[in-house]
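Observations on chain architecture
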Amino acid sequence: VEDPKESISRSLLLVDVEVPEVALADGVHSKSFTGNGVLVYQDDKFGLVLVDRNTVAIGPCDIRLSFCAYPAELHGTVRFLHPLHNFALVSYDPRDLNSDALKVVKPCTILSDPPLSRGDKVVLVGLSGALRSTARDASVTNATAALNIVTAEIPRFHAVNEEVIELDQDFGTSFSGVLIDENASVRALWASFSRQVGGEEREFCAGIHSYTFSSWIDKTVSYLKNFQSSHAHRKSVPVPVMNVEFNALLLSKAANYGLSREWIQKLAEYDKERKQVLRVKSCVTDSNAKAILNEGDMILAVNDKLLSSFYDIGGIIDNHCSKCDQLSFSELKEVDDMKLTVFKDSKIQDVSFKLEVVDGLGTDRLLHWAGAQIQDSYRAVKERGFLPQNHGVYISRWHHGSPSHRYGMYALHWILEVNGKPTPDLDTFLKETEYLQHQSFVRVKLCHLDNKPKVITLRLDLRFWPTWELKLNHQTGEWGRRVIKSI
């Protein structure tokens, strides 16, 4: 019988990511990332690699996949970025591998049920920078640690509503990999997370339960197979979400906030390990949740089923949407309302709640105008709790020496108006700016992330700073550049 550590090394890869200077979207905090990935699916058309979102942070990037089992390096394409959880899926073309490589490179087996629990013995396996497999036996000390990552100064992705695994011993703060059992089945992704502490980047690693990602692997495989068999335009894998960030509150503390003894008893008996209730930390701006829930509300049950953990939320959303086509945006949007039992305004209430559907690839279009990188407001911006009236398009970066730099049109601002005309989205913005000539002056109304408005005038320079866009082709996963106006 093959040693499980040897067996899993056939599925391990090193993932190198470079983000081009002109595509640093969504507040991404670095231009290059390296981490471990694991091969989760392969047929004759495509292979899928699971990796954390501190390695593949955004869509527009160059990815190189290096296999542990065979000396080969392939180009990777981002296929799925989970909007809430810290994992992404990257595809490659197995036809680029020779027959010797295909004999030794094998996808792993994933076991998601039952989930890992405290005291379970696992093996942490990962790759060093030199593609050497490194392993260590470990025990699970906490399988239900509720993650709480504070929002960074510049809005960017951070994992929310995530329950992670902690081990008694690991390989330090930046060594990622997988947790396997004695049969070499993957029980969790040992993922790298990033958080800001006092303005500095700090990395740490924790385990993401396999139930978090296993169903998304199946959906992404179906999505890619559908693309190959039919030419029906499907944007990406849709993700139904509540658009709420929860934090876990101990039942002992919930009593101090006025939750009745009867409900505390119910929840304590329902989940003897966690002894917690989920409390609303924040809601995404402009969402259904924002209109119904307030900060501090406690969610006690959904559709009359008790709820006490992030694990429960995932299961309830899956059950609620089980009758729909999981790859159809329109069907998921039409799904019935949920019934939430909420402790709100010091009393128990039942409220009707509608799930929302978000794109599983995030930002798919970037516009460069006057040296500023402009995009639609991405999820991390909406999570901050404020959007200006009439919305506007968001500046995520600017370039040195450009008109943006010289005239003070900086990042973290929305462009609300151009020459007095509202610009609520990218198409309207392009329409309002297409007739502007080289060296002409433009009046721009801006609003900062902190709700501070200002008006500036800038002079366009279409010779050195033309207007152009980067757009994602959902079918190929590649980004294309199109010049819109230059001289």
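In this text, all values refer to a predicted model and were calculated from it rather than measured experimentally.

**Details of the environment of D170**
- Relative to the helices and strands, D170 resides in the loop between strand 10 (163-167) and strand 11 (177-180).
- Taking the C-alpha atoms as reference points, D170 and C205, 35 residues apart in sequence, are found 8.7 Å from one another.
- Not counting residues within four places of it along the chain, the set of residues in contact with D170 comprises L124, R136 and W190.

**A look at the pairing of strand 29 (residues 467-472)**
- Burial runs high along strand 29: 5 of the 6 residues are buried.
- Bridge analysis of strand 22 (residues 365-369) against strand 29 gives 4 bridges, and the strand direction is antiparallel. Within the sheet, the bridge partner assigned to L366 lies in strand 29 and is L470.
- Note: strand 29 against strand 30 (residues 479-485), 6 bridges, orientation antiparallel. When the sheet's bridge partners are listed, L470 is paired in strand 30 with R481.

**Examining helix 5 (residues 261-270)**
- Turning to helix 5, its buried residues number three or more, namely W263, I264 and L267. The arc that holds every buried residue of helix 5, seen down its axis, measures 100°, which confines them to one face. Away from its buried face, by an angle of more than 90 degrees, helix 5 presents the exposed residues R261 and E262.
- In this structure, the buried residues of helix 5 make contact with helix 4 (251-256), strand 16 (276-283), strand 17 (298-302), strand 18 (305-306), strand 19 (338-344) and strand 20 (347-353).

**Here we look at the sheet that holds strand 2 (residues 32-42)**
- Read once around its circumference, the closed barrel built from 6 strands follows the order 1-2-3-6-5-4, with strand pairing classed as antiparallel. The sheet shows a mean angle of 40° between the axes of neighbouring strands, direction not considered.
- Where strand 2 meets strand 3 (residues 47-51), 5 bridges bridge the pair, whose relative direction is antiparallel. Bridge pairing in strand 3 links G37 to V51.

**Notes on the pattern of salt bridges**
- According to the stated counting rule, one finds 21 salt bridges in the structure shown.
- Where E383 meets R379, a salt bridge forms, and the shortest distance between an N and an O atom there is 3.4 Å. Here the two residues E383 and R379 agree in accessibility, since each one is buried.
- Salt bridges sharing common partners tie together R365, D427, E469 and R482.

**As for the packing of aromatic side chains**
- As enumerated under the stated definition, the model contains 12 aromatic pairs in all.
- Seen from their ring centres, F80 and W216 are 5.3 Å apart, and the 15° between their planes marks the pair as stacked. With F80 in strand 5 (residues 73-81) and W216 in helix 3 (residues 210-229), this pair connects stretches of sequence that are 136 residues apart. The exposure classification of F80 matches that of W216, with both residues buried.
- Centre to centre, the rings of Y394 and W414 are 5.7 Å apart; their planes meet at 65°, and the pair counts as edge-to-face. Of this pair, Y394 sits in strand 24 (residues 393-398) while W414 sits in strand 25 (residues 413-418), and the two are 20 residues apart along the sequence. The residues Y394 and W414 share a single accessibility class, namely buried.

**Looking at the state of the cysteines**
- Inspection of the entire model under this criterion finds 0 disulfides.
- Free of any disulfide, C61 has its nearest neighbouring cysteine sulfur in C205, separated by 19 Å.
- C283 takes part in no disulfide bond, and the closest cysteine sulfur, belonging to C321, lies 18 Å away.

**A closer look at the nonpolar core**
- Formed by 44 residues in total, the largest nonpolar core has its most connected members in V38, V40, L48, L50, V178, L189 and F193.
- Per-element tally for this core: the top contributor is helix 3, with 7 residues.
- Excluding anything up to four places from it in sequence, V40 contacts L48, V49, L50, L89, P107, C108, I110 and I217.
- Counting residues in hydrophobic clusters, the runner-up holds 34 residues, among them V19, L39, V51 and L97.

**As for the pairing of strand 2**
- With 9 of 11 residues buried, strand 2 is to be regarded as a mostly interior element.
- Sheet analysis places strand 1 (residues 12-18) next to strand 2, joined by 7 bridges and oriented antiparallel. If you follow V17 over to strand 2, its bridge partner there is F33.
- What sits between strand 2 and strand 3 in their antiparallel hairpin is a turn of 4 residues.

Conventions and cut-offs
- Residues numbered from 1 in each chain as written.
- Predicted model: local features only at pLDDT ≥ 70, side-chain atom pairs only at ≥ 80, totals over all residues.
- Heavy atoms only, no water.
- Helix = DSSP H or I, 4+ residues; strand = E, 2+ residues; numbered from the N terminus.
- Contact = heavy atoms within 4.5 Å.
- Buried < 20%, exposed > 50% of the residue type's maximum accessible area, 1.4 Å probe, protein only.
- Pairing = 2+ DSSP bridges.
- Arc of directions from axis to C-beta.
- Axes fitted to C-alpha atoms, helices over the stretch in contact; angles between N-to-C directions.
- Salt bridge = Lys/Arg side-chain N within 4 Å of Asp/Glu carboxyl O.
- Phe/Tyr/Trp six-rings, centres within 6.5 Å; stacked < 30°, edge-to-face > 60°.
- Disulfide = S-S within 2.5 Å.
- Core = buried A, V, L, I, M, F, W, Y, C linked by side-chain atoms within 4.5 Å.

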